[in-house]
Amino acid sequence: MKSVVSSALLLALPVFALPSSLHERQDACKALPANYAYSPASSKLPDPFTFADGTKVTTKAQWACRKQEILQLFYLQELGDKPAKPESVTGTVSATSISVKVTNAGKSISFSATVKMPSGVTGAAPAIIAYGGASLPIPAGVATITFNNDGVAQQTNSGSRGKGLFYDLYGSGHSAGATTAWAWGVSRILDVIEADTTKKIDVTRIGVTGCSRNGKGALIAGALDDRIALTLPQESGSGGAACWRISDLEEAAGKKIQTAHEIIGENVWYSKRFDPFATKTSTLAVDHHMLPALIAPRGLLVIENNIDWLGPVSTTGCMRVGALAYQALGATDSFGFSEVAPHNHCTFPSSQQTELTAFINRFLKGDASAKTAGVDKSDQANVKASTYITWTAPTLT
Ligand code: MCU
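Just so it is clear, the structure is predicted and the values come from calculations on it, not from any experiment. (Residues numbered from 1 in each chain as written. Predicted model: local features only at pLDDT ≥ 70, side-chain atom pairs only at ≥ 80, totals over all residues. Heavy atoms only, no water.)

A.B. asks: Please give an account of helix α11 (residues 312-328) that cites residues and values.
C.D. replies: In this model α11 runs 25 Å from its N-terminal to its C-terminal C-alpha over 17 residues, within 8% of the 24 Å that 1.5 Å per residue would give. The buried fraction of α11 amounts to 15 of the 17 residues, a majority that puts the element mostly inside the structure. In the stretch just after α11, G330 is the one whose phi turns positive, near 70°. (Helix = DSSP H or I, 4+ residues; strand = E, 2+ residues; numbered from the N terminus. Expected span 1.5 Å × (residues − 1). Buried < 20%, exposed > 50% of the residue type's maximum accessible area, 1.4 Å probe, protein only.)

So, in C-alpha coordinates, the structure goes:
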(Lines give C-alpha, C1' and ligand atoms only; values in the text may rest on other atoms or scores of the structure.)
Protein backbone atom coordinates (compact mmCIF):
# COMPACT_ATOMS: atom_id res chain seq x y z
CA MET A 1 0.00 0.00 0.00
CA LYS A 2 1.27 3.46 -0.80
CA SER A 3 1.37 5.94 2.04
CA VAL A 4 1.44 9.71 1.70
CA VAL A 5 4.62 11.23 3.00
CA SER A 6 4.31 14.49 4.83
CA SER A 7 6.10 17.56 3.57
CA ALA A 8 7.99 17.51 6.85
CA LEU A 9 9.63 14.25 5.84
CA LEU A 10 10.33 15.63 2.39
CA LEU A 11 12.07 18.61 3.93
CA ALA A 12 13.95 16.29 6.22
CA LEU A 13 15.36 14.27 3.32
CA PRO A 14 18.69 16.10 3.05
CA VAL A 15 19.66 15.05 6.58
CA PHE A 16 19.84 11.44 5.40
CA ALA A 17 23.31 10.49 4.25
CA LEU A 18 23.16 10.78 0.49
CA PRO A 19 25.13 8.24 -1.47
CA SER A 20 28.04 9.80 -3.28
CA SER A 21 28.27 6.84 -5.57
CA LEU A 22 25.96 4.13 -6.83
CA HIS A 23 28.34 1.25 -7.09
CA GLU A 24 28.39 -1.35 -4.36
CA ARG A 25 25.70 0.34 -2.27
CA GLN A 26 22.59 -1.65 -1.52
CA ASP A 27 20.98 0.63 1.05
CA ALA A 28 18.18 2.97 0.16
CA CYS A 29 18.17 6.47 1.63
CA LYS A 30 14.87 5.55 3.16
CA ALA A 31 13.67 2.04 3.73
CA LEU A 32 11.08 0.50 1.46
CA PRO A 33 7.63 0.58 3.06
CA ALA A 34 7.04 -2.61 5.08
CA ASN A 35 5.59 -5.46 2.99
CA TYR A 36 5.91 -3.27 -0.07
CA ALA A 37 4.18 -4.53 -3.20
CA TYR A 38 3.77 -2.57 -6.41
CA SER A 39 0.15 -1.60 -6.68
CA PRO A 40 -2.01 -1.48 -8.70
CA ALA A 41 -0.59 -3.99 -11.15
CA SER A 42 -0.25 -2.40 -14.57
CA SER A 43 0.99 -3.18 -18.06
CA LYS A 44 2.22 0.45 -18.21
CA LEU A 45 5.84 1.00 -17.18
CA PRO A 46 6.37 2.12 -13.55
CA ASP A 47 7.35 5.72 -12.89
CA PRO A 48 11.07 6.01 -12.07
CA PHE A 49 10.34 9.43 -10.56
CA THR A 50 8.01 8.33 -7.77
CA PHE A 51 9.35 6.66 -4.63
CA ALA A 52 7.71 3.43 -3.43
CA ASP A 53 5.98 5.45 -0.70
CA GLY A 54 4.38 7.76 -3.28
CA THR A 55 6.71 10.77 -2.91
CA LYS A 56 7.54 12.48 -6.20
CA VAL A 57 11.17 12.96 -7.19
CA THR A 58 11.82 16.57 -8.13
CA THR A 59 15.46 17.17 -7.21
CA LYS A 60 18.77 15.54 -8.12
CA ALA A 61 19.37 14.83 -4.42
CA GLN A 62 16.09 12.89 -4.22
CA TRP A 63 16.95 11.13 -7.46
CA ALA A 64 20.19 9.84 -5.91
CA CYS A 65 18.06 8.21 -3.22
CA ARG A 66 15.40 6.93 -5.61
CA LYS A 67 18.19 5.28 -7.63
CA GLN A 68 19.17 3.36 -4.52
CA GLU A 69 15.56 2.30 -4.10
CA ILE A 70 15.26 1.20 -7.74
CA LEU A 71 18.47 -0.77 -7.34
CA GLN A 72 17.14 -2.45 -4.24
CA LEU A 73 13.89 -3.32 -6.05
CA PHE A 74 15.85 -4.85 -8.94
CA TYR A 75 17.75 -6.98 -6.42
CA LEU A 76 14.57 -8.03 -4.63
CA GLN A 77 12.41 -8.80 -7.65
CA GLU A 78 14.66 -9.74 -10.54
CA LEU A 79 18.41 -9.81 -10.10
CA GLY A 80 19.19 -11.17 -6.65
CA ASP A 81 21.76 -9.44 -4.46
CA LYS A 82 25.07 -8.13 -5.72
CA PRO A 83 27.45 -8.58 -2.77
CA ALA A 84 29.42 -5.51 -1.71
CA LYS A 85 33.17 -5.39 -2.22
CA PRO A 86 34.57 -8.42 -0.37
CA GLU A 87 37.09 -8.21 2.45
CA SER A 88 40.03 -8.71 0.10
CA VAL A 89 40.41 -8.10 -3.62
CA THR A 90 43.95 -8.28 -4.96
CA GLY A 91 45.47 -8.75 -8.38
CA THR A 92 47.76 -7.49 -11.09
CA VAL A 93 47.45 -5.76 -14.43
CA SER A 94 49.97 -6.71 -17.11
CA ALA A 95 50.03 -5.94 -20.84
CA THR A 96 48.36 -9.29 -21.51
CA SER A 97 46.25 -10.14 -18.49
CA ILE A 98 44.43 -8.96 -15.39
CA SER A 99 44.45 -11.39 -12.49
CA VAL A 100 41.87 -11.14 -9.73
CA LYS A 101 41.91 -12.87 -6.35
CA VAL A 102 38.95 -12.44 -4.04
CA THR A 103 38.72 -13.63 -0.45
CA ASN A 104 35.56 -13.59 1.60
CA ALA A 105 34.69 -15.33 4.87
CA GLY A 106 37.66 -17.68 4.64
CA LYS A 107 37.12 -18.70 1.03
CA SER A 108 39.05 -17.53 -2.02
CA ILE A 109 38.54 -17.60 -5.76
CA SER A 110 40.80 -16.41 -8.58
CA PHE A 111 40.18 -15.60 -12.19
CA SER A 112 41.90 -13.71 -14.94
CA ALA A 113 40.87 -11.65 -17.95
CA THR A 114 42.86 -11.40 -21.16
CA VAL A 115 44.16 -7.93 -22.08
CA LYS A 116 45.03 -6.61 -25.53
CA MET A 117 46.72 -3.24 -25.13
CA PRO A 118 46.48 -0.65 -27.90
CA SER A 119 49.71 0.41 -29.56
CA GLY A 120 50.94 3.97 -29.45
CA VAL A 121 49.02 5.06 -26.33
CA THR A 122 51.08 6.91 -23.78
CA GLY A 123 49.78 6.85 -20.24
CA ALA A 124 46.81 4.90 -18.97
CA ALA A 125 44.70 3.49 -21.81
CA PRO A 126 40.93 3.44 -22.04
CA ALA A 127 39.51 -0.08 -22.23
CA ILE A 128 36.40 -2.03 -23.11
CA ILE A 129 35.52 -5.06 -21.04
CA ALA A 130 33.98 -7.55 -23.46
CA TYR A 131 31.89 -10.41 -22.12
CA GLY A 132 33.17 -13.54 -23.86
CA GLY A 133 35.01 -11.45 -26.49
CA ALA A 134 33.85 -8.40 -28.44
CA SER A 135 31.19 -8.67 -31.17
CA LEU A 136 31.68 -5.07 -32.18
CA PRO A 137 34.82 -3.40 -33.53
CA ILE A 138 37.07 -1.98 -30.82
CA PRO A 139 38.99 0.89 -32.35
CA ALA A 140 42.66 1.78 -32.21
CA GLY A 141 43.66 3.45 -28.99
CA VAL A 142 41.35 1.36 -26.79
CA ALA A 143 42.41 -1.78 -24.89
CA THR A 144 40.24 -4.91 -24.97
CA ILE A 145 39.70 -6.82 -21.74
CA THR A 146 38.09 -10.18 -22.47
CA PHE A 147 36.02 -11.29 -19.51
CA ASN A 148 35.17 -14.98 -19.20
CA ASN A 149 31.80 -14.34 -17.62
CA ASP A 150 30.76 -17.98 -18.02
CA GLY A 151 33.51 -18.94 -15.58
CA VAL A 152 32.09 -16.59 -12.95
CA ALA A 153 28.53 -17.87 -13.45
CA GLN A 154 27.62 -20.63 -15.89
CA GLN A 155 24.85 -20.09 -18.42
CA THR A 156 24.54 -23.38 -20.28
CA ASN A 157 20.86 -23.88 -19.50
CA SER A 158 18.45 -23.97 -16.56
CA GLY A 159 20.70 -26.54 -14.89
CA SER A 160 23.46 -23.92 -14.53
CA ARG A 161 21.91 -22.37 -11.41
CA GLY A 162 24.48 -21.78 -8.71
CA LYS A 163 27.47 -22.93 -10.75
CA GLY A 164 30.67 -20.97 -11.32
CA LEU A 165 33.31 -19.14 -9.29
CA PHE A 166 30.87 -16.63 -7.81
CA TYR A 167 28.89 -19.48 -6.26
CA ASP A 168 32.06 -21.24 -5.10
CA LEU A 169 32.68 -18.11 -3.05
CA TYR A 170 29.17 -17.24 -1.88
CA GLY A 171 27.46 -20.64 -1.97
CA SER A 172 25.38 -22.32 -4.66
CA GLY A 173 22.18 -21.05 -3.03
CA HIS A 174 23.12 -17.36 -3.37
CA SER A 175 20.23 -15.25 -4.71
CA ALA A 176 22.20 -13.62 -7.55
CA GLY A 177 21.27 -14.62 -11.07
CA ALA A 178 24.08 -15.02 -13.58
CA THR A 179 23.85 -11.44 -14.89
CA THR A 180 24.30 -10.12 -11.33
CA ALA A 181 27.18 -12.48 -10.63
CA TRP A 182 28.89 -11.31 -13.83
CA ALA A 183 28.36 -7.67 -12.84
CA TRP A 184 30.03 -8.51 -9.52
CA GLY A 185 32.95 -9.98 -11.50
CA VAL A 186 33.26 -6.79 -13.55
CA SER A 187 33.31 -4.77 -10.32
CA ARG A 188 36.18 -6.89 -9.03
CA ILE A 189 38.16 -6.35 -12.26
CA LEU A 190 37.57 -2.62 -11.77
CA ASP A 191 38.81 -2.89 -8.17
CA VAL A 192 42.08 -4.33 -9.45
CA ILE A 193 42.45 -1.72 -12.21
CA GLU A 194 41.70 1.04 -9.69
CA ALA A 195 44.35 -0.19 -7.25
CA ASP A 196 47.01 -0.91 -9.89
CA THR A 197 49.96 1.40 -9.28
CA THR A 198 51.39 0.87 -12.78
CA LYS A 199 48.28 2.63 -14.18
CA LYS A 200 48.22 0.80 -17.49
CA ILE A 201 44.45 1.16 -17.77
CA ASP A 202 42.43 4.25 -16.92
CA VAL A 203 39.63 3.27 -14.56
CA THR A 204 37.73 6.46 -15.45
CA ARG A 205 37.53 5.44 -19.12
CA ILE A 206 36.10 1.94 -19.05
CA GLY A 207 33.42 0.59 -21.37
CA VAL A 208 31.56 -2.70 -21.09
CA THR A 209 30.02 -4.69 -23.91
CA GLY A 210 28.58 -8.07 -24.77
CA CYS A 211 26.16 -9.44 -27.33
CA SER A 212 22.88 -11.26 -26.95
CA ARG A 213 22.79 -13.03 -23.56
CA ASN A 214 26.06 -11.26 -22.81
CA GLY A 215 24.43 -8.00 -23.91
CA LYS A 216 21.88 -8.48 -21.15
CA GLY A 217 24.88 -8.88 -18.85
CA ALA A 218 26.65 -5.78 -20.13
CA LEU A 219 23.56 -3.59 -19.68
CA ILE A 220 23.05 -4.85 -16.14
CA ALA A 221 26.76 -4.38 -15.31
CA GLY A 222 26.49 -0.75 -16.43
CA ALA A 223 23.55 -0.28 -14.09
CA LEU A 224 25.27 -1.90 -11.10
CA ASP A 225 28.64 -0.14 -11.08
CA ASP A 226 28.94 3.57 -11.66
CA ARG A 227 32.64 3.38 -12.42
CA ILE A 228 31.66 2.23 -15.92
CA ALA A 229 31.87 5.27 -18.21
CA LEU A 230 30.26 3.70 -21.28
CA THR A 231 27.81 0.82 -21.54
CA LEU A 232 27.45 -0.81 -24.96
CA PRO A 233 24.89 -3.64 -24.86
CA GLN A 234 24.55 -5.28 -28.26
CA GLU A 235 21.42 -7.17 -29.38
CA SER A 236 20.44 -7.91 -25.78
CA GLY A 237 16.72 -8.12 -26.58
CA SER A 238 14.34 -9.41 -23.92
CA GLY A 239 15.97 -9.38 -20.53
CA GLY A 240 18.22 -6.58 -21.75
CA ALA A 241 17.02 -3.52 -23.63
CA ALA A 242 13.45 -4.82 -23.97
CA CYS A 243 10.88 -4.22 -21.24
CA TRP A 244 9.23 -7.30 -19.76
CA ARG A 245 5.80 -5.71 -19.98
CA ILE A 246 6.15 -4.60 -23.60
CA SER A 247 7.42 -8.03 -24.63
CA ASP A 248 4.32 -9.58 -23.01
CA LEU A 249 2.09 -7.12 -24.90
CA GLU A 250 3.89 -8.01 -28.11
CA GLU A 251 3.44 -11.73 -27.52
CA ALA A 252 -0.26 -11.16 -26.84
CA ALA A 253 -0.39 -9.37 -30.20
CA GLY A 254 0.95 -12.51 -31.88
CA LYS A 255 4.69 -11.79 -32.13
CA LYS A 256 7.27 -14.54 -31.73
CA ILE A 257 9.19 -12.78 -29.00
CA GLN A 258 11.10 -13.83 -25.92
CA THR A 259 9.23 -13.09 -22.69
CA ALA A 260 9.90 -13.31 -18.97
CA HIS A 261 7.82 -16.47 -18.60
CA GLU A 262 9.93 -18.15 -21.30
CA ILE A 263 13.28 -16.85 -20.12
CA ILE A 264 13.09 -18.20 -16.57
CA GLY A 265 12.84 -21.75 -17.95
CA GLU A 266 15.55 -21.28 -20.55
CA ASN A 267 18.46 -20.15 -18.41
CA VAL A 268 19.67 -18.73 -15.10
CA TRP A 269 20.30 -15.14 -16.11
CA TYR A 270 17.98 -13.82 -13.36
CA SER A 271 17.45 -14.63 -9.70
CA LYS A 272 14.97 -17.27 -8.58
CA ARG A 273 13.30 -14.27 -6.93
CA PHE A 274 12.14 -13.30 -10.43
CA ASP A 275 10.08 -16.45 -10.97
CA PRO A 276 6.84 -15.26 -9.32
CA PHE A 277 7.00 -11.99 -11.27
CA ALA A 278 7.85 -13.57 -14.61
CA THR A 279 4.31 -14.81 -15.10
CA LYS A 280 2.86 -11.51 -13.78
CA THR A 281 5.16 -8.81 -15.10
CA SER A 282 2.49 -6.18 -14.39
CA THR A 283 3.30 -6.59 -10.68
CA LEU A 284 7.00 -5.74 -11.00
CA ALA A 285 7.97 -2.46 -9.34
CA VAL A 286 10.70 -2.12 -11.95
CA ASP A 287 11.14 -2.79 -15.65
CA HIS A 288 14.06 -2.37 -17.98
CA HIS A 289 13.47 1.29 -18.83
CA MET A 290 14.92 1.76 -15.35
CA LEU A 291 18.30 0.34 -16.35
CA PRO A 292 19.12 3.48 -18.39
CA ALA A 293 17.77 5.46 -15.43
CA LEU A 294 20.39 3.82 -13.19
CA ILE A 295 23.14 4.39 -15.76
CA ALA A 296 22.31 8.07 -16.46
CA PRO A 297 24.10 10.44 -16.82
CA ARG A 298 26.91 8.08 -17.83
CA GLY A 299 27.34 7.07 -21.47
CA LEU A 300 24.98 4.42 -22.86
CA LEU A 301 24.58 3.34 -26.47
CA VAL A 302 22.03 0.56 -26.91
CA ILE A 303 22.68 -1.39 -30.10
CA GLU A 304 19.81 -3.53 -31.41
CA ASN A 305 18.78 -5.64 -34.39
CA ASN A 306 15.36 -6.19 -35.94
CA ILE A 307 14.99 -9.88 -35.06
CA ASP A 308 11.54 -10.91 -33.78
CA TRP A 309 12.90 -12.86 -30.79
CA LEU A 310 14.77 -9.77 -29.53
CA GLY A 311 11.57 -7.71 -29.73
CA PRO A 312 12.32 -4.64 -31.85
CA VAL A 313 9.11 -2.89 -30.74
CA SER A 314 9.89 -3.74 -27.12
CA THR A 315 13.52 -2.59 -27.24
CA THR A 316 12.60 0.61 -29.10
CA GLY A 317 9.68 1.44 -26.80
CA CYS A 318 11.53 0.51 -23.63
CA MET A 319 14.62 2.53 -24.45
CA ARG A 320 12.63 5.52 -25.65
CA VAL A 321 11.08 5.53 -22.18
CA GLY A 322 14.52 4.96 -20.66
CA ALA A 323 15.77 8.05 -22.49
CA LEU A 324 13.43 10.17 -20.36
CA ALA A 325 15.72 9.71 -17.36
CA TYR A 326 18.57 11.25 -19.36
CA GLN A 327 16.21 14.09 -20.29
CA ALA A 328 15.31 14.60 -16.62
CA LEU A 329 18.99 14.95 -15.78
CA GLY A 330 19.75 17.25 -18.72
CA ALA A 331 22.07 14.59 -20.16
CA THR A 332 20.34 13.56 -23.40
CA ASP A 333 23.62 13.55 -25.30
CA SER A 334 24.91 10.70 -23.13
CA PHE A 335 22.24 8.29 -24.38
CA GLY A 336 21.76 6.68 -27.78
CA PHE A 337 19.52 3.96 -29.19
CA SER A 338 20.31 2.32 -32.50
CA GLU A 339 18.16 -0.47 -33.94
CA VAL A 340 18.47 -1.32 -37.62
CA ALA A 341 17.11 -3.76 -40.20
CA PRO A 342 17.70 -7.50 -39.68
CA HIS A 343 21.25 -8.79 -40.04
CA ASN A 344 23.02 -11.84 -38.68
CA HIS A 345 22.80 -11.92 -34.92
CA CYS A 346 25.88 -10.37 -33.26
CA THR A 347 27.54 -9.28 -36.49
CA PHE A 348 28.01 -5.53 -36.22
CA PRO A 349 26.65 -3.74 -39.31
CA SER A 350 28.36 -0.71 -40.85
CA SER A 351 25.06 1.19 -40.53
CA GLN A 352 25.68 1.50 -36.76
CA GLN A 353 29.34 2.46 -36.98
CA THR A 354 28.89 6.26 -36.85
CA GLU A 355 27.12 6.20 -33.49
CA LEU A 356 29.46 3.59 -32.02
CA THR A 357 32.49 5.67 -33.00
CA ALA A 358 30.94 8.83 -31.56
CA PHE A 359 30.15 7.22 -28.18
CA ILE A 360 33.61 5.66 -27.89
CA ASN A 361 35.29 8.92 -28.90
CA ARG A 362 33.34 10.93 -26.38
CA PHE A 363 33.31 8.62 -23.36
CA LEU A 364 36.53 6.64 -23.74
CA LYS A 365 38.78 8.89 -25.80
CA GLY A 366 37.80 12.20 -24.20
CA ASP A 367 36.57 13.93 -27.36
CA ALA A 368 33.85 16.22 -25.96
CA SER A 369 32.87 17.32 -29.45
CA ALA A 370 31.90 13.80 -30.64
CA LYS A 371 28.31 13.81 -31.92
CA THR A 372 26.53 11.56 -29.46
CA ALA A 373 23.47 13.79 -29.19
CA GLY A 374 20.23 12.75 -30.85
CA VAL A 375 21.13 9.12 -31.64
CA ASP A 376 17.65 7.62 -31.86
CA LYS A 377 17.55 5.20 -34.75
CA SER A 378 14.89 2.52 -35.21
CA ASP A 379 13.06 0.93 -38.10
CA GLN A 380 10.04 0.80 -35.77
CA ALA A 381 8.91 4.26 -36.80
CA ASN A 382 5.58 4.23 -34.97
CA VAL A 383 6.83 3.19 -31.56
CA LYS A 384 6.39 6.00 -29.05
CA ALA A 385 7.32 6.23 -25.38
CA SER A 386 3.91 7.72 -24.59
CA THR A 387 2.15 4.43 -25.49
CA TYR A 388 3.76 2.70 -22.52
CA ILE A 389 3.61 5.28 -19.72
CA THR A 390 1.14 7.37 -17.78
CA TRP A 391 3.72 9.67 -16.17
CA THR A 392 5.90 12.48 -17.40
CA ALA A 393 9.55 12.99 -16.52
CA PRO A 394 10.36 16.00 -14.33
CA THR A 395 13.26 18.32 -14.96
CA LEU A 396 15.30 17.60 -11.85
CA THR A 397 16.58 20.65 -10.05
C1 MCU B 1 19.35 -12.59 -27.25
O2 MCU B 1 20.00 -13.42 -26.32
C3 MCU B 1 19.76 -14.81 -26.24
C4 MCU B 1 18.29 -15.11 -26.11
O5 MCU B 1 17.79 -14.45 -24.96
C6 MCU B 1 18.07 -16.61 -25.99
O7 MCU B 1 16.70 -16.92 -25.97
C8 MCU B 1 18.73 -17.35 -27.11
O9 MCU B 1 18.68 -18.70 -26.80
O10 MCU B 1 20.08 -16.99 -27.20
C11 MCU B 1 20.36 -15.62 -27.40
C12 MCU B 1 21.86 -15.57 -27.45
O13 MCU B 1 22.51 -15.39 -26.45
O14 MCU B 1 22.42 -15.85 -28.63
C15 MCU B 1 23.82 -15.93 -28.70
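A.B. asks: Account for the environment of A331, naming residues and giving values.
C.D. replies: Among the secondary structure elements, A331 is positioned in the loop between α11 and β9 (335-340). Sequence separation between A331 and Y388 is 57 residues; the distance between their C-alpha atoms is 22 Å. Sequence-distant contacts of A331, that is, excluding residues within four places in its chain, are made with P297 and Y326. (Contact = heavy atoms within 4.5 Å.)

A.B. asks: Lay out the pairing of strand β8 (residues 299-305) in plain terms, naming residues and giving numbers.
C.D. replies: Where a strand is regular, its side chains alternate between the two sheet faces. A large share of β8 lies buried, amounting to seven of its seven residues. The alternating pattern of β8 places G299, L301, I303 and N305 on one face and L300, V302 and E304 on the opposite face, and all of these are buried. For strand β7 (residues 230-234) and β8, the ladder comprises three bridges, and the chain directions are parallel. The residue of β8 that forms the bridge with Q234 is I303. Across six bridges, β8 lies against β9 in parallel orientation. By the bridge assignment, V302 is partnered in β9 with F337. In this fold, β8 hands off to α11, which returns the chain to β9; that crossover is right-handed. (Pairing = 2+ DSSP bridges. Right-handed = clockwise from strand over helix to strand, strands pointing away.)

A.B. asks: Go over unusual backbone geometry with me, naming the residues and quoting the values.
C.D. replies: Comment: phi is negative for the bulk of residues other than glycine, and the bulk of peptide bonds are trans. Of note, the amide linkage connecting S39 to P40 takes the cis form, showing an omega dihedral of -5°. When you line up the elements, P40 lands in the loop between α1 (7-12) and α2 (60-79). In this chain, A296 is followed by P297 through a cis amide linkage whose omega measures 5°. By secondary structure assignment, the location of P297 is in the loop between α10 (290-295) and β8. One non-glycine residue, A105, lies in the positive phi region at around 45°. Within the fold, A105 resides in the loop between β2 (97-104) and β3 (107-116).

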